[in-house]
Amino acid sequence: MISSSLFPIPYSLFPVPCSLFPVPCSLSPFYISFTNNLLEIEKKIKKKNYYTEILISKIAETGNIYELVGIRRDGYLFPMEIAVREAKLNQKKFYTGTFRDISERKESEAKLKENEQRFRSLSRATFEGIIIHEQGEIVDANTAVMQMFKYELSEMIGMNGLELIDSKYRDLVWKNLSSGYEKPYEVFGLRKDGSTFPIEIEAKVFFYRGNQHRVSAIRDITERKLAETALRESEEKFRAVMEQAADAFIIHDLQGKIIDVNQSTCQSLGYTRAELLNFYVENIDASFLSEEVYKKWQNMTPGVPITIQGIHKRKDATTFPVEIRLGLLKAGNGNLILALCRDITERKKAEKALLLEQEKSEKLLLNILPKPIADKLKENQETIAEGFAEVTVLFADLVGFTELASFAHPEKLVYWLNEIFSRFDLLAEKYGLEKIKTIGDAYMVVGGLPKPMENHAEAIALMAIDILEEVERFADEHKQDFRIRIGINTGPVVAGVIGRKKFIYDLWGDTVNIASRMESHGIPGVIQLTETTYQILQPKFLFAERGFIDIKGKGQMKAYILQGRKGVGERGSGEVGE
């Protein structure tokens, strides 16, 4: 713009006739402006056309290009650029001029200014420090930088950017600036008070109005460095714990690639750390595929560990069982899995030995108690008792065994008893009956409990027939005069467990007492039973009526002799009928 100091009058509008300029011009008449419109002054100046010639002559004298404001015929103002030259023709002086409408350029400049103001507002508001420098000197900076380095903007303008860098790092910063390096890097900044702090610098080159500038983004990374230090210390502590731990530690990604291991892992597997870091988990876990471990990884949640078992495979191809506790860890933008692996070989051996002992105990308990009763006892039921409306009870007693015990060797005696009663046990199992107990040379068995059965009387009768046959066979084998009495009765009983240390499952009631009397009042080698049992069995079995016998506490009771099953003969065995 032409400075108002060229004229002894205020900056204003001047009417210039188009005839003054021998160039094409559609802007006749037009006016040239130097400052804001001052209406009162303009009215006076319009009356003095000679000022126009003065203006033109002054522009011509300078030979420069000036920006003025033109006025179209419709009164519309527009920016223009003017250059005037003085010329002579035939001893006459005149002026030639060139005009250029610069409306678009002015609009662009206005937009650029607006963008500059917007950029400055954003740079002032951002938490990231921004410095703009040209040829090493700072030409602008935002508030964040001033707060970061404790300078005022007026102090920073004109400073060499390297003055904000700790002397130890200035060569590095200069090298990066000179080479156009644009990636972030870390150095230490230098505050006005001389203190230093860690910063991250990222610089880029840009061109503004034809000149090369550099904008540097500066971040105070003090907090990040403190966090990194704390993390590093934590990692060192974790590493120390890992290395001292007796259990194996394995860190791997969600694809199973092993990232890190401790010394215990190397020792347990027989590999070096370098070898293991080239492996995937499936290379050392023999159960990886069968246990679908990969799917379990994908379903894990941070902070919720899971425990699985696997089979680890050593370098020498031997295997051993492990318990693996898995935890999902956040690592940057992804996840890692920390696996704590414990060799449970000894525990598995102990569990196997315990299982064997439990099985032995279970068998021993089942030799004493029926399984349903044993299950109730294991559930810590304090009182186990149950009433049964109808069962059949059998008592069997070896005749003359007491006299035999007086001269037989104890081991021989026990051997005979064990042999014959073991055969009775097999018969009870065959017919689905429950052995209750043995008392001396007596054997007690019942049908219909603890699991009810409809044909309990028939099963007892068939076992009784087989008992007679087994005793005869046993007597022939050992050349001894073994005989047996058998008594049977049917009716209601109460069953339950008594004792705290040595348990026994027993029966009570008249049914039991009468069955015992049927045996004690019976005949050796004969099966004697009550009328109640007879009425149940008579359709399928052969009987002989013995008559009435005197039963203590009951008086006269009718008794029957079981001779065998119908269609089989007086004596014969067979499966229980439906």
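Our structure is the block above this text.
Model, not experiment: these values are computed from the prediction.

**Some points on the overall build of the protein chain**
Then, in step 1: Secondary structure summary: the protein chain contains 17 helices and 23 strands in total.
Then, in step 2: Here the protein chain holds 578 residues, and 40% of them are scored as buried.
Then, in step 3: Long-range pairs, those at least 24 residues apart, make up 51% of the contacts in the protein chain between residues at least 6 apart in sequence.
Then, in step 4: Within the structure as shown, the protein chain displays about 33700 Å² of accessible surface, and the carbon and sulfur contribution to it stands at 52%.

**As for the sheet that holds strand β14 (residues 319–331)**
Then, in step 1: Across the sheet, which stays open at both edges, the five strands sit in the order β12-β11-β15-β14-β13 with antiparallel pairing between neighbours. With one partner strand each, in any of the chains shown, β12 (258–261) and β13 (306–313) form the two edges of the open sheet. Each strand of the sheet is rotated relative to its neighbour by a mean of 30°, with strand direction disregarded.
Then, in step 2: Relative to β12, strand β11 (residues 248–253) is paired through three bridges, and the arrangement is antiparallel.

**Brief notes about the pattern of salt bridges**
Side-chain pairs of opposite charge can arise where the charged atoms are in close proximity.
Then, in step 1: Taken as a whole and assessed by the stated rule, the structure comprises 36 salt bridges.
Then, in step 2: Here K225 and E186 are joined by a salt bridge, their closest N and O atoms 2.5 Å apart. With K225 in helix α7 (residues 222–244) and E186 in strand β8 (residues 185–190), the pair connects residues that are 39 residues apart, well separated along the chain.
Then, in step 3: Where K437 meets D506, a salt bridge forms, and the shortest distance between an N and an O atom there is 2.9 Å.

**Digging into the nonpolar core**
Then, in step 1: Counting residues in each nonpolar core, the largest one holds 43 residues, and the members touching the most others are L394, F424, M463, I467, I484 and I486.
Then, in step 2: Ranked by the residues each element gives to this core, the list is headed by helix α15 (residues 456–478), at 13 residues.
Then, in step 3: When neighbours within four sequence positions are excluded, I467 is seen to be in contact with L394, F424, L427, I484 and I486.
Then, in step 4: By size, the runner-up hydrophobic cluster in this structure holds 24 residues, among which are I258, Y271, W297 and I324.

**Comments concerning the pairing of β14**
Then, in step 1: The pairing of β13 with β14 spans eight bridges and is antiparallel. Each residue of the ladder has a partner; that of I308, found in β14, is I324.
Then, in step 2: The loop that links β13 with its antiparallel partner β14 comprises five residues; one of these, A317, has a positive phi angle of about 80°.
Then, in step 3: Across ten bridges, the pairing between β14 and strand β15 (residues 334–343) is antiparallel. Opposite A331, over in β15, you have G334 as the bridge partner.

**Here's the deal with the packing of aromatic side chains**
Then, in step 1: One pass over the full model with this rule turns up twelve aromatic pairs.
Then, in step 2: Measuring from ring centre to ring centre gives 4.9 Å for Y534 and F543, while their planes differ by 85°; the resulting arrangement is edge-to-face.
Then, in step 3: A relative accessible area of 18% means that F543 is categorised as buried.
Then, in step 4: Following the ring pairs from residue to residue traces out a cluster consisting of W416, F474 and F482.
Then, in step 5: The aromatic ring of F78 is capped on one face by R72, whose charged end is 4.3 Å from the ring centroid.

**Description of helix α6 (residues 170–179)**
Then, in step 1: Among all positions in α6, only V173, N176 and L177 are buried. Buried residues of α6, seen end-on, are gathered within an arc of 100° and therefore sit on one face of the element. Opposite the packed face of α6, turned more than 90 degrees from it, sit the exposed residues D171, W174, K175 and S179.
Then, in step 2: After α6 finishes, the residue G180 shows a positive phi value of roughly 80°.

**Some remarks on the side chain of D247**
Then, in step 1: Along the chain, D247 falls in the loop between α7 and β11.
Then, in step 2: Within the local environment of D247, its side chain forms a polar contact with the side chain of R342, the two groups lying 2.7 Å apart.

**Concerning helix α16 (residues 510–520)**
Then, in step 1: Every buried residue of α16 is accounted for by T511, V512, I514, A515, M518 and E519. Looking straight down α16, one finds that the buried residues subtend no more than 165° of arc, so they occupy a single side.

**Comments concerning a nonpolar patch on the surface**
Then, in step 1: A cluster of nonpolar residues, V494, I498 and W508, forms a patch on the protein surface that exposes about 250 Å² of accessible area.
Then, in step 2: Along the chain, the position of V494 falls in strand β19 (residues 483–498).
Then, in step 3: By relative accessible area, which is 41% here, V494 ends up partly exposed.

**Brief notes about the packing of helix α14 (residues 410–430) against α15**
Then, in step 1: Between α14 and α15, the shortest axis-to-axis distance is 10 Å and the interhelical angle comes to 150°. Taken as axis vectors, α14 and α15 run roughly antiparallel relative to one another. Note on packing geometry: the crossing formed by α14 with α15 is right-handed. Taking contact as the criterion, the partners of Y415, W416, E419, I420, R423, F424, L427, A428 and K430 in α14 are, on α15, M463, D466, I467, E470, V471, F474, E477 and H478.
Then, in step 2: Each residue belonging to the contact of α14 with α15 can be placed in one class, and the counts come to ten nonpolar, one polar and six charged.

**Considerations on the environment of E323**
Then, in step 1: If you trace the backbone, E323 turns up in strand β14.
Then, in step 2: A sequence separation of 15 residues divides E323 from I308, and the C-alpha atoms of the two residues are 6.0 Å apart.
Then, in step 3: Those residues in contact with E323 that lie beyond four places of it in its chain are T307, I308, Q309, L340, C341, R342, I344 and R347.
Then, in step 4: In this structure the side chain of E323 is engaged in a polar contact, spanning 2.9 Å, whose partner is the side chain of R347.

**Comments concerning the environment of A83**
Then, in step 1: By the element assignment, A83 lies in strand β4 (residues 77–89).
Then, in step 2: Residue A83 is classed as buried on the basis of its relative accessible area, which comes to 14%.
Then, in step 3: Separated by 16 residues in the primary sequence, A83 and E67 place their C-alpha atoms 9.1 Å from one another.
Then, in step 4: With near-sequence residues (within four places) excluded, A83 lies in contact with N64, I65, T96, G97 and T98.

**Details of the environment of K225**
Then, in step 1: The exposure class assigned to K225 is partly exposed, which follows from its relative accessible area of 27%.
Then, in step 2: Each residue touching K225, except ones within four places of it in the same chain, is listed here: E186 and P198.

**Quick word on unusual backbone geometry**
Then, in step 1: The omega torsion across L449 and P450 is -5°, close enough to zero to call that bond cis.
Then, in step 2: Along the polypeptide, P450 turns up in the loop between β18 (442–447) and α15.
Then, in step 3: Positive phi values are uncommon outside glycine, yet K150 reaches one of about 65°.
Then, in step 4: With respect to the secondary-structure elements, K150 resides in the loop between α4 (143–149) and α5 (153–156).
Then, in step 5: The backbone of A317 shows a phi angle near 80°, a positive value even though the residue is not glycine.

Rules of the game
- Residues numbered from 1 in each chain as written.
- Predicted model: local features only at pLDDT ≥ 70, side-chain atom pairs only at ≥ 80, totals over all residues.
- Heavy atoms only, no water.
- Helix = DSSP H or I, 4+ residues; strand = E, 2+ residues; numbered from the N terminus.
- Buried < 20%, exposed > 50% of the residue type's maximum accessible area, 1.4 Å probe, protein only.
- Contact = heavy atoms within 4.5 Å.
- Areas by Shrake-Rupley, 256 points an atom, 1.4 Å probe, with all protein chains shown as cover.
- Pairing = 2+ DSSP bridges.
- Axes fitted to C-alpha atoms, helices over the stretch in contact; angles between N-to-C directions.
- Salt bridge = Lys/Arg side-chain N within 4 Å of Asp/Glu carboxyl O.
- Core = buried A, V, L, I, M, F, W, Y, C linked by side-chain atoms within 4.5 Å.
- Phe/Tyr/Trp six-rings, centres within 6.5 Å; stacked < 30°, edge-to-face > 60°.
- Lys NZ or Arg CZ within 6 Å of the ring centre and 35° of its normal.
- Arc of directions from axis to C-beta.
- Polar contact = N/O pair within 3.5 Å; in protein donor to acceptor, adjacent residues only side chain to side chain.
- Patch = residues over 30% accessible without salt bridge, like charges linked within 9 Å, V, L, I, M, F, W, Y side chains within 5 Å.
- Parallel < 35°, antiparallel > 145°, perpendicular 65-115°, else oblique.
- Left-handed = near helix turned anticlockwise from the far one by under 90°.
- Nonpolar A, V, L, I, M, F, W, Y, C, P; charged D, E, K, R; others polar.

Take it as geometry only, folks, not as evidence of what the structure does.
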